[in-house]
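Coordinates in review
The residues making up each chain are set out below.
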Amino acid sequence: MSIPTDVASLQIMAHVYKRKSAQSTFEKTVESLVSSVPYIDWVGIYLYEKLNHKLVAASCFEDDLQWTCNGELKFPITDSSEQEIGIMIVRSKQSIAFDVTDVSTLKTIASAIGQETLVN
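Residues numbered from 1 in each chain as written. Predicted model: local features only at pLDDT ≥ 70, side-chain atom pairs only at ≥ 80, totals over all residues. Heavy atoms only, no water.

Looking at an unreviewed UniProt entry, one finds the protein named GAF domain-containing protein and attributed to Alkalicoccobacillus plakortidis.

A short note on the overall build of the protein
Stated precisely, the cut-off is as follows: Runs of E in the DSSP output that reach at least two residues are strands. Runs of H or I that reach at least four are helices, and both are numbered from the N terminus. We compute the radius of gyration over the C-alpha atoms and compare it with the globule rule, which gives 2.2 Å times the number of residues raised to the power 0.38. For every residue, the accessible area obtained with a 1.4 Å probe (protein chains only) is divided by the maximum for its type, and the residue is called buried under 20%, exposed over 50%, and partly exposed between those limits. Any two residues whose heavy atoms approach within 4.5 Å are treated as being in contact.
Helix and strand content of the protein: three helices and four strands. Going residue by residue from the N terminus, the α and β elements of the protein occur as α-α-β-β-β-β-α. The C-alpha radius of gyration of the protein comes to 13 Å, within 12% of the 14 Å expected for a compact globule of 120 residues. Dimensions of the protein, computed from the C-alpha atoms along their principal axes, are close to 35 × 30 × 25 Å. The burial tally for the protein puts 47% of its 120 residues in the buried class. Taking the intrachain contacts of the protein between residues at least 6 apart in sequence as the baseline, contacts between residues at least 24 apart amount to 60%.

Comments concerning helix α2 (residues 22-36)
Using the following cut-off: What a helix should span is 1.5 Å times the count of its residues minus one. Read the arc as the range of directions from the helix axis to the C-beta atoms.
Its 15 residues give α2 an end-to-end C-alpha distance of 21 Å, which sits within 8% of 21 Å, the value for a rise of 1.5 Å per residue. Of all the positions in α2, only Ala 22, Thr 25, Phe 26, Thr 29, Val 30, Ser 32, Leu 33 and Ser 36 are classed as buried. Viewed end-on, α2 has its buried residues packed into an arc of 165°, placing them on one side of the element.

Details of the packing of helix α1 (residues 3-17) against helix α3 (residues 100-115)
Selection rule: Only the stretch in contact is used when fitting a helix axis, every axis being a line fitted to C-alpha atoms; angles between N-to-C directions are given from 0 to 180 degrees. In this scheme, roughly parallel covers angles under 35 degrees and roughly antiparallel covers those over 145, while 65 to 115 is roughly perpendicular and the rest are oblique.
Direction vectors running N to C along α1 and α3 enclose 10°, while the axes themselves pass 10 Å from each other. Put simply, α1 runs roughly parallel to α3. On the side of α1, the interface is formed by Thr 5, Asp 6, Ser 9, Ile 12, Met 13 and Val 16, while α3 contributes Thr 101, Asp 102, Thr 105, Leu 106, Ile 109, Ala 112 and Ile 113.

Right, here's the structure in full:
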C-alpha cells in the first residue's frame, strides 16, 4: 500500500525544495496525494488563525468526506521552531487503507510543508 504514497511524497518534496510559494506547495500536496494514491479520497490542509482553523488547500472544497470516510489520519504541521501551526487531514472511504509506512511518509510530508515552506 505504501508505494503510491512514496511516489506522491517524491513529487511533493521536489516541489517543497524548489522553494515554491506556500499556497502552491499546499495545492501540490493535496493534488499529488489524491491523484497518486488510490485509497486516499480527500486531503485538507488547515492553518491555525488565532482560535480558528482555516482550510487553505483541499482536494475538494465542497465535500470533505467527513461523514462518509472510514479512515482518517491527522498530522500536525509545525514550523521550524516546532510550534504547531496547522494540520493535514487525510481521509479514505476504505476502512483499512493505511499502513505504518503511509503514516511515517505522511508525517514527513506534513513536517516538510511546515518547516521548509513557511518562512518563520
